[in-house]
Amino acid sequence: MFPERLETERLSLVRFGHDTVDLQKLYRVLSADETERVAQFMPWDRHATIEETYEFVERIERRWNDHDRATYAIRPREGEPRAGEFAGNAILDLDWRRRTARPGAWLRKPFWGRGYAGEQTAALLELAFDGLDLELVAFTHNVDNENARRSIERIIERFGGQRDGVLRNWTPYRGEVADVYRYTITETQYREAVGRK
């Protein structure tokens, strides 16, 4: 159902799974000190054991097979600094009944500030609207996450859409329930922004 690979100008997004991500290397990334900052607003913490990382990949593969979430490993393409290295992941959560997708991503700190977040999000928008024939893409971020706010607002400006407002007590987050901002882009807004009707 989902393409195994998405290519952008500077990135390869490859299906995230045991065949495409080295478990030992992934564990080193997800258990490293840098991950504490990366995961600050994520619903997960640094991994304490390699078994935790194994189960993480298992859940990702199950959701791919259930057709409710596509997860991709992000790698810079040839010619980019650290080409081929695991930079993070991109996800597209699907709500088929509502014909809606929710993209998300995280990048390792060495890959921040390169515009990769916007580039991979553009690929996920194309997948959602052109590949999966959805009607709406919704973004959310923790109200305290300024980096996500700036990144999502750039996407909204580029592809149309709007900020819908605050969803109170919306996302379980480190033993609490966090408020989030929600933004949406409709299929019509997307097609007008990219010059396709």
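Counting starts from 1 at the beginning of each chain's written sequence and moves along it residue by residue. Given that this is a predicted model, residues contribute local features only at a pLDDT of at least 70 and side-chain atom pairs are listed and counted only at 80 or more, while totals for whole chains, interfaces and linings are drawn from all residues. Heavy atoms throughout the structure, all of them, feed into the side-chain values; hydrogens and water do not.

### Some remarks on helix 4 (residues 116-131)
Since the α-helix advances by 3.6 residues per turn, residues separated by three or four positions end up pointing in the same direction. The helix count covers DSSP runs of H or I at least four residues long, the strand count covers runs of E at least two residues long, and both are numbered beginning at the N terminus. Helices are assigned an expected span. That span is 1.5 Å times one less than the residue count. The terminal C-alpha atoms of helix 4 lie 21 Å apart, and with 16 residues this matches the ideal 22 Å at 1.5 Å per residue to within 8%. When we look at burial in helix 4, the residues that qualify are Tyr-116, Glu-119, Gln-120, Thr-121, Ala-122, Ala-123, Leu-124, Leu-125, Leu-127, Ala-128 and Phe-129. Residue Asp-133 follows helix 4 closely and has a positive phi angle near 55 degrees. When a residue's accessible area, from a 1.4 Å probe over protein chains only, is under 20% of the maximum for its type it is buried; when over 50% it is exposed; and in between it is partly exposed.

### Regarding the packing of helix 4 against helix 6 (residues 187-194)
Angles run from 0 to 180 degrees between N-to-C directions of axes, and those axes are lines fitted to C-alpha atoms, restricted for helices to the stretch in contact. Running from N to C, helix 4 and helix 6 cross one another at 115 degrees; their axes reach a closest spacing of 11 Å. Relative to helix 6, helix 4 is oriented so that their crossing is left-handed. Every residue of helix 6 that contacts helix 4 at Leu-125, Glu-126, Phe-129 and Asp-130 is listed here: Glu-187, Tyr-190 and Arg-191. Each residue belonging to the contact of helix 4 with helix 6 can be placed in one class, and the counts come to three nonpolar, no polar and four charged. Crossing chirality is assigned from the near helix's rotation relative to the far helix, an anticlockwise turn below a right angle marking it left-handed and a clockwise turn marking it right-handed. Note on contacts: a residue pair qualifies if any of its non-hydrogen atoms lie within 4.5 Å across the two residues. Polarity classes work like this: nonpolar for Ala, Val, Leu, Ile, Met, Phe, Trp, Tyr, Cys and Pro, charged for Asp, Glu, Lys and Arg, and polar for all others, with Gly in that last group.

### Digging into the packing of helix 4 against helix 5 (residues 146-159)
For any two helices packed against each other, one specifies the crossing angle of their axes together with the interaxial distance. Running from amino to carboxyl end, helix 4 crosses helix 5 at an angle of 50 degrees, the nearest separation of the two axes being 10 Å. Relative to helix 5, the element helix 4 lies oblique. At the point where helix 4 passes helix 5, the crossing takes the right-handed sense. Listed contacts from helix 5 to Ala-117, Gly-118, Thr-121, Ala-122 and Leu-125 of helix 4 are Ser-151, Ile-155, Arg-158 and Phe-159. Here the contact of helix 4 with helix 5 is composed, by residue class, of five nonpolar, three polar and one charged. Throughout this description, any angle smaller than 35 degrees is read as roughly parallel, any larger than 145 degrees as roughly antiparallel, any in the 65 to 115 degree range as roughly perpendicular, and the remainder as oblique.

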